[in-house]
Number of protein chains: 2
Amino acid sequence: MSFEEKLAKLRELYTEQNLLTGIGALLGWDQQVYMPSGGAETRGAQMAYIGGLAHQKATAPEVGQLIDDLAAEIPDLDADDDLAREIKLAKRNFDHSAKIPTDKMMEFIRVTSLAHEAWTKAKTDSDFAVFQPHLEKILNLTKEMVSFFAPYDHPYDPLIDMYEVGMTAAEVKSIFDALRPRQVELLRRIAEKPQVDDSFAHTEYDIETQKKLNNYLATLQGYDWNRGRLDETVHPFTTGFGLDDVRITTHYYLNMPLSAMFSTLHETGHALYEQGLSRAYHNTALGGTNSMAVHESNSRLWENVIGRSKEFWRFLYPIAQAFFPANLGNVSSDQFYRGINKVTPSFIRIEADEATYNLHIMLRLELELAMIEDKIQVKDLPELWMSKMKEYLGVTPPDDARGVLQDVHWSGGMIGYFPTYALGNLLAVQWWNQMLSDLPNIPDEMAAGKLDSILTWLRENVHRHSSRYTAQELVRKVTGEGINPDHYMNYLTKKYTEIYDL
Amino acid sequence: MSFEEKLAKLRELYTEQNLLTGIGALLGWDQQVYMPSGGAETRGAQMAYIGGLAHQKATAPEVGQLIDDLAAEIPDLDADDDLAREIKLAKRNFDHSAKIPTDKMMEFIRVTSLAHEAWTKAKTDSDFAVFQPHLEKILNLTKEMVSFFAPYDHPYDPLIDMYEVGMTAAEVKSIFDALRPRQVELLRRIAEKPQVDDSFAHTEYDIETQKKLNNYLATLQGYDWNRGRLDETVHPFTTGFGLDDVRITTHYYLNMPLSAMFSTLHETGHALYEQGLSRAYHNTALGGTNSMAVHESNSRLWENVIGRSKEFWRFLYPIAQAFFPANLGNVSSDQFYRGINKVTPSFIRIEADEATYNLHIMLRLELELAMIEDKIQVKDLPELWMSKMKEYLGVTPPDDARGVLQDVHWSGGMIGYFPTYALGNLLAVQWWNQMLSDLPNIPDEMAAGKLDSILTWLRENVHRHSSRYTAQELVRKVTGEGINPDHYMNYLTKKYTEIYDL
């Protein structure tokens, strides 16, 4: 076979992987959005079958041989051209996947699929005991997974690496260590000031009208409805079955309109990234995404940096008032802006304000590290959660539904994922600063309801690169420096200094 | 390998086939229910991939060898014990599937998947030209499929056999020939009488309330909501992803409340059958269903024999009046009963009354036979449809949306399917007569809103047999005779003699 034929063969394999990943994603989407409870067991088997098949095909010895053959013909695998990067990443992906036995991968999918059902029930009833045996199985399987990647500096490294290629526990800890005291200090200063009034956010907002406003938000952001849809789930998420079908979900609460709104802004941010990935790289190793921090930087940028900004609401607030005249008619835009930026220690991560959010992540990281280091047991999690919440945020959740059971991630076996949210927060501000420096008109455009320059900048600087760069490489390329918490802390400090008159 | 080991291997294969069939069904369900238009192309590729994989695995030479080995150890393959039937049916399935090349099967799925999108658009815009090239491809592929099954008595035989194992064009034609003059004569007699008043069915029925009533209907029928759900589609259907996830769809029209109601009764009838299949036979060749006539007999029984009966509405009508007081408050139960049984030549098959329904089927059969016999071309279908409607029913549809484009089937490549609806009508009455003879209390129970004896009888006599019998075998076993149009004609004549005072 010629080099071109081998390359075509590799890309055929990636095409097949994309078909299988898309099918698996649909099975998962349906499971979370529409599947009746009776379907859970068969669904687990279906997902394991597809995941197993994908894994088996991706890790076949002849694939490794094919990639090695291709790599041998590339003059410099570390070169920064598309072809070298494609082969190098294909090699990384193969080496990574081949470390995990297919039957273990299938078991992992089966176990997490059933755990999702158990978690849903446990959360609804606030009954950790229902979820505990599932999480124990997941933790054991996760440790087994980790063992396949030995040697490593820290057993958490292979887990982060699944969501954030190239990132390590040490790197995350170092970033978090730089961040923690400054976040705590900022919180302390805010706590000394009079609280803002967000009472408007706790009246009853008609659900059908909320739905209309949320559809409008996603549209305003630039979401392509011909290539996606918005549904409702317990835990909002984004998923894709190909470049042209990227779906989001949100959840509506009568007394918490901000919950749906910021979830929708967040998930639409994810979806815009997926809808904006390179078509040229699609069905190659450079397609898709390989940094959840970059993914989360898109969602957190839209949710917070844009979605909680004064300029965004300058345009949008009159519209929101028109949707909800009884709720917002007598609330000034200034009061609204302060209200949606209220800083207060709270139980639920996804409802948390920007000043406390990262503390929720640090709590989870600490518990995950302790689990992986065998320092704590699953059965101790509810109590530990409560005490850590007290320690980090000064509040104690009233029940496990608003404590250890609040997030879907562990039920999906996603230990190692949470840090990417905090990294995403940092990156979001780094993109934002660069964007404003490149296009200083953006705040004015936002105030006029025009968000297309933002999307175009993201498409050009972030989305279209797909998997070509790691997060650190990309942020260096776009901004000239690596992930740096200073920008985030400066952003927070400036914002809250104004709102809380610090 | 021992016989038991070989049998276990065969059943593993069926388990895998069921997983793949369920995954394919979810891809299809989502395509029809929720998929955004942009997803169509990738979805076609995903469905073709899964269908191709299933076909390739089912037709691997070693599977044929395995089945032959098993068959050789069965003393009498025609014996009526489970094991003999299982191996015999496995052999039939293998021989049948192996005749079709996998790449042709994949092409068929890809083409029909895209055709579904085109049909949806064509129907919405009443523009046959959009659908025509797709149907031409489908017809050519269908003829190619037929050629793989040569020799046959008639080229339509292999097509019917896909939906109705063992049935032939000659057998269908003979049944239809016996039926046609008697249906036409009955219609003639009804047409001479004063028409019943169904004006109540054309006022505006609030859609949300319709949804509630339809959910209630399915519940009353005995639909297990833990193992299914009800969604909305252009064309109502039932699909299953395993024994424990069998979903139905319906469609709501403001001015046509009967449309959703009878669609729901119909699809729930299908779903009750699928939910009632034998667990013991599941994941063997005897699992699943192999007669769409039996399938349709369940749906048509619930929709018509039960759903348009006086006894059913004796219980239900006051409830319907309570749901829709403004629409039905002043309509007597007798007027309602006559109204829902109004006989009138109409454009749409699925809205047709029992007296005209089979004529819609005969029209389709005639066109399908002509297409397969190369007597007509796809481009001529709209005009032929119009003239046949005039000939069979005396009416001419105002547009193609209400003519040749009304049914989803051809877009899915389901040429050969339609006759099973008419056969289902005949079987439904044969089950009904036997049920009443076994359980004469049923009409009284229905009038009291108790339908569980009906479901129990169907479970016991029909559902639990899964694929063990062909339609003809099953009806002989249950009623002592084969498919016989007399029962249907007697039922219709008796019913309409009373309603129209014939």
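Predicted model, so just to flag it, every value in this text is computed and none were measured.

Analysis parameters
Here the residue numbering is sequential within each chain, running from 1 through the sequence in written order. All chains are assigned letters beginning at A, and all ligands numbers beginning at 1, according to the order in which they are written. pLDDT decides what is reported in this predicted model: residues at 70 or higher carry local features, side-chain atom pairs at 80 or more are listed and counted, and totals for whole chains, interfaces and linings draw on all residues regardless. Numbering of helices and strands runs from the N terminus, with a helix taken as a DSSP run of H or I at least four residues long and a strand as a DSSP run of E at least two residues long. Within these notes, the globule rule equals 2.2 Å times the number of residues to the 0.38 power, and the radius of gyration is based on C-alpha atoms. Three exposure classes are used. Buried residues have 20 or more other C-beta atoms within 10 Å of their own C-beta, exposed residues have 12 or fewer, and partly exposed residues fall in between, all C-beta atoms being placed from the backbone. Domain boundaries shown here were taken from an automatic or database domain assignment. Our contact criterion uses C-beta atoms placed from the backbone: two residues qualify when those atoms are within 7 Å. Throughout, the ten residues Ala, Val, Leu, Ile, Met, Phe, Trp, Tyr, Cys and Pro are labelled nonpolar, Asp, Glu, Lys and Arg are labelled charged, and all others, Gly among them, are labelled polar. We superpose the copies by least squares over the C-alpha atoms of residues that have a pLDDT of at least 70 in both of them. A strand pair is defined by DSSP finding two or more bridges across the two strands. Only C-alpha atoms enter the line fits that serve as axes; for helices the fit covers just the stretch in contact. Angles between N-to-C directions range over 0 to 180 degrees. To sort the angles, those under 35 degrees are grouped as roughly parallel, those over 145 as roughly antiparallel, those from 65 to 115 as roughly perpendicular, and the leftovers as oblique. When buried Ala, Val, Leu, Ile, Met, Phe, Trp, Tyr and Cys residues are joined through C-beta atoms within 7 Å, the set is termed a nonpolar core. Expected helix span is computed as 1.5 Å times (number of residues minus one). The angle between axes fitted to the seven-residue stretch ending at a residue and the seven-residue stretch beginning at it gives the bend at that residue. Note: the arc covers the axis-to-C-beta directions of the helix.

## Looking at the overall build of chain A
(1) Moving on: Assigned secondary structure in chain A consists of 21 helices and 3 strands.
(2) Moving on: Taken over the C-alpha trace, chain A has a radius of gyration of 23 Å; the compact-globule value for 502 residues is 23 Å, and the two agree within 12%.
(3) Moving on: Reported as C-alpha extents along the three principal axes, the dimensions of chain A are approximately 70 × 50 × 45 Å.
(4) Moving on: Put simply, chain A has 502 residues, and 47% of those count as buried.

## A closer look at the domain arrangement of chain A
Residues and elements named next belong to chain A.
(1) Moving on: What the domain assignment lists for chain A is domain 1 (3-151) and domain 2 (169-500).
(2) Moving on: With centres defined by C-alpha atoms, the gap from domain 1 to domain 2 works out at 26 Å.
(3) Moving on: Opposite the 37 residues of domain 1 that make contact, domain 2 presents 33 residues.
(4) Moving on: When residues of the side of domain 1 that touches domain 2 are traced back to their parent elements, those giving at least two are helix 1 (3-33), helix 4 (82-98), helix 5 (102-125) and helix 6 (128-148).
(5) Moving on: When the residues that make up the side of domain 1 that touches domain 2 are grouped by side-chain class, the tally is 17 nonpolar, 13 polar and 7 charged.

## Structural notes on the relation of the copies chain B and chain A
(1) Moving on: Overlay of chain B on chain A (RMSD 0.0 Å): rotation 180 degrees, translation along the axis 0.0 Å. In symmetry terms, the pair is related by a two-fold rotation axis.
(2) Moving on: Taken as a fraction of all interface residues of chain B, those also at the interface in chain A reach 100%, which identifies the copy contact as same-surface.

## Details of the sheet that holds strand 3 (residues 246-250) of chain B
Backbone-to-backbone hydrogen bonds join strands into a sheet, with any given pair of strands oriented parallel or antiparallel.
Residues and elements named next belong to chain B.
(1) Moving on: Ordered by their spatial adjacency, 3 strands build an open sheet running 1-3-2, and the pairing between neighbours is mixed. Since the sheet does not close on itself, it has two edges, and those belong to strand 1 (230-232) and strand 2 (238-240), each with one partner. The mean inter-strand angle of the sheet, taken between neighbouring strand axes irrespective of direction, is 30 degrees.
(2) Moving on: Direction of pairing for strand 1 relative to strand 3: parallel, over a ladder of 3 bridges. Residue pairing across strands places leucine 230 opposite isoleucine 248, the latter belonging to strand 3.
(3) Moving on: Contacts from helix 10 (residues 257-275) reach strand 2 and strand 3 within the one sheet, and its direction differs from that of strand 3 by about 170 degrees.

## Concerning the interface of chain B and chain A
(1) Moving on: Counting residues at the interface gives 27 residues for chain B and 27 residues for chain A.
(2) Moving on: Broken down by secondary-structure element, the contributors of at least two residues to the side of chain B that touches chain A are helix 1 (3-33) and helix 2 (40-58) of chain B.
(3) Moving on: Residue classes in the side of chain B that touches chain A are distributed as 12 nonpolar, 9 polar and 6 charged.

## Topic: the packing of helix 17 (residues 419-438) of chain A against helix 21 (residues 485-500) of chain A
Residue and element names in this part refer to chain A.
(1) Moving on: Interaxial distance between helix 17 and helix 21 falls to 8 Å at its minimum, and their mutual angle equals 80 degrees. In this view, helix 17 runs roughly perpendicular relative to helix 21, as classed from their interaxial angle. Within the contact between the two elements, helix 17 uses Asn425, Leu426, Val429, Gln430 and Asn433 and helix 21 uses Pro485, His487, Tyr488 and Tyr491.
(2) Moving on: Its residues assigned to classes, the contact of helix 17 with helix 21 comprises 5 nonpolar, 4 polar and no charged.

## Topic: the sheet that holds strand 1 (residues 230-232) of chain A
All names here are of chain A.
(1) Moving on: Taken in spatial order, the 3 strands of this open sheet run 1-3-2, and their pairing is mixed. Each having just a single partner strand, strand 1 and strand 2 (238-240) make up the two edges of the open sheet. Between one strand axis and the next, the sheet turns through 30 degrees on average, direction left out of account.

## Concerning the nonpolar core
One broad trend across soluble globular proteins is that nonpolar side chains are buried collectively.
(1) Moving on: Counting residues in hydrophobic clusters, the biggest one holds 97 residues, and the most contacted among them are Leu427(A), Ala471(A) and Tyr496(A).
(2) Moving on: A domain-level breakdown of this core finds at least three residues from each of domain 1 (3-151) and domain 2 (169-500) of chain A.
(3) Moving on: Ala471(A) has contacts with Glu164(A), Ser291(A), Ala293(A), Val294(A), Leu423(A), Leu427(A) and Ile483(A), leaving out every residue within four places of it along the chain.
(4) Moving on: Judged by nonpolar contacts, the second largest core, of 96 residues, contains Ile160(B), Tyr205(B), Leu316(B) and Met435(B).

## Regarding the pairing of strand 3 (residues 246-250) of chain A
Residues and elements named next belong to chain A.
(1) Moving on: With respect to burial, strand 3 is a largely interior element, 5 of its 5 residues being buried.
(2) Moving on: Of the two faces of strand 3, the one holding Val246, Ile248 and Thr250 and the one holding Arg247 and Thr249 are both buried throughout.
(3) Moving on: Relative to strand 3, strand 2 is paired through 3 bridges, and the arrangement is antiparallel. Counterpart to threonine 238 in the pairing with strand 3 is isoleucine 248.
(4) Moving on: In this antiparallel pair of consecutive strands, strand 2 and strand 3, the connection spans 5 residues, and glycine 242 shows a positive phi of 140 degrees.

## Considering helix 12 (residues 310-323) of chain A
Residue and element names in this part refer to chain A.
(1) Moving on: The terminal C-alpha atoms of helix 12 lie 19 Å apart, and with 14 residues this matches the ideal 20 Å at 1.5 Å per residue to within 8%.
(2) Moving on: Maximal helix bending in helix 12 amounts to about 45 degrees, located at leucine 316; proline proline 318 follows within four positions.
(3) Moving on: Burial in helix 12 covers these residues: Phe312, Trp313, Leu316 and Ala320.
(4) Moving on: The inward-facing, buried residues of helix 12 contact helix 9 (207-221), helix 11 (292-306), helix 13 (325-328), helix 14 (333-340) and helix 18 (442-447).

## Things to note about helix 21 of chain A
Residues and elements named next belong to chain A.
(1) Moving on: The end-to-end C-alpha separation of helix 21 is 22 Å, in line with the 22 Å expected for 16 residues at 1.5 Å each.
(2) Moving on: Among the residues of helix 21, Pro485, His487, Tyr488, Tyr491, Leu492, Tyr496, Ile499 and Tyr500 are the ones counted as buried. The arc enclosing the buried residues of helix 21, seen along the axis, measures out at 160 degrees, which places them on a common side. Looking at helix 21, the residues exposed on the side facing more than 90 degrees away from the buried face are Lys494 and Glu498.
(3) Moving on: Residues of helix 21 that are buried in the fold lie against helix 8 (169-191), helix 14, helix 15 (354-372) and helix 17.
(4) Moving on: Trailing helix 21 by a residue or two, aspartate 501 shows a phi angle of about 55 degrees, which is positive.

## Section: the environment of Leu301(A)
All names here are of chain A.
(1) Moving on: The topology assignment puts leucine 301 in helix 11.
(2) Moving on: On the basis of neighbour counts, which here come to 28 C-beta atoms within 10 Å, the residue leucine 301 falls in the buried class.
(3) Moving on: The spatial distance from the C-alpha of leucine 301 to the C-alpha of glutamine 430 is 9.8 Å, given a sequence separation of 129 residues.

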